[in-house]
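Here's the letter readout for the chains.
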Amino acid sequence: MSITILHNPRCSKSRQTLALLQEQGIEPNVREYLKEPLNATELTNLLELLGIEAKALVRSKEDEFKATGLTLNSASAEELIAAMVATPKLMERPVVISDKGARIGRPPEQVLEIL
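These numbers come from a predicted model, not from an experiment. (Residues numbered from 1 in each chain as written. Predicted model: local features only at pLDDT ≥ 70, side-chain atom pairs only at ≥ 80, totals over all residues. Heavy atoms only, no water.)

J.: Mind showing me how you'd approach helix H2 (residues 40-50) here?
T.: For an α-helix, 3.6 residues make a turn, and residues three or four places apart therefore share a direction. Here H2 has its buried residues at Leu43, Leu46, Leu47 and Leu50. Buried residues of H2 fall within an arc of 100 degrees about the axis and therefore sit on the same side. Turned more than 90 degrees from where H2 packs its buried face, Thr41 and Glu48 sit exposed. Of the residues flanking the start of H2, the one acting as N-cap is Asn39, its side-chain oxygen 3.0 Å from the backbone nitrogen of Thr41. Where H2 ends, the next residue or the one after it, Gly51, has phi of about 70 degrees, a positive value. (Buried < 20%, exposed > 50% of the residue type's maximum accessible area, 1.4 Å probe, protein only. Helix = DSSP H or I, 4+ residues; strand = E, 2+ residues; numbered from the N terminus. Arc of directions from axis to C-beta. Polar contact = N/O pair within 3.5 Å; in protein donor to acceptor, adjacent residues only side chain to side chain.)

Right, here's the structure in full:
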């Protein structure tokens, strides 16, 4: 099974989720999404795998989100995806993707559902 973690090494939840995977004997593909951002197509596919709307993946409390002038209630999915493409820091983290789906690692144990 192929497992990928969209990882930010500066985030404690992301580090905890990576450690949890490793404790399970899994060495996932690690994609540091701040260095290698997702494009709009990848984000759209990820949202489908997660089974959530774009607004559920946006870190709306970040100053960079406030600076966009968008709001979760009024912005379209396309606008939110574009904001996450332009500013990858706005994407919720970490996200683990496997052949069985995807989960946001908040809390980290949620990712065990797709292993």
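J.: Would you explain the nonpolar core in this entry?
T.: Proteins that are soluble and globular tend to have nonpolar side chains buried together. Membership of the largest hydrophobic core comes to 22 residues, with the highest contact counts inside it found for Leu43, Leu46, Leu57, Met84, Met91 and Val95. Breaking this core down by element, the ones donating at least two residues are H2, helix H4 (77-86) and strand E4 (101-104). Ignoring sequence-local partners within four residues, the contact set of Leu46 consists of Leu6, Leu38, Leu57, Met91, Val95, Ile97 and Ala102. Among the nonpolar cores identified, the runner-up in size contains nine residues, and Leu18, Ile26, Val96 and Val111 belong to it. (Core = buried A, V, L, I, M, F, W, Y, C linked by side-chain atoms within 4.5 Å. Contact = heavy atoms within 4.5 Å.)

J.: Would you mind showing me how to read the packing of H2 against H4 here?
T.: Geometrically, a packed helix pair is captured by the angle between its two axes and the distance between the axes. Look at H2 against H4: their axes get within 9 Å of each other, and the N-to-C directions meet at 120 degrees. Here H2 lies oblique to H4, going by the angle between them. The two elements H2 and H4 meet at a crossing, and its hand is right-handed. Across from Ala40, Leu43, Thr44 and Leu47 in H2, the residues of H4 making contact are Ile81, Met84 and Val85. (Axes fitted to C-alpha atoms, helices over the stretch in contact; angles between N-to-C directions. Parallel < 35°, antiparallel > 145°, perpendicular 65-115°, else oblique. Left-handed = near helix turned anticlockwise from the far one by under 90°.)

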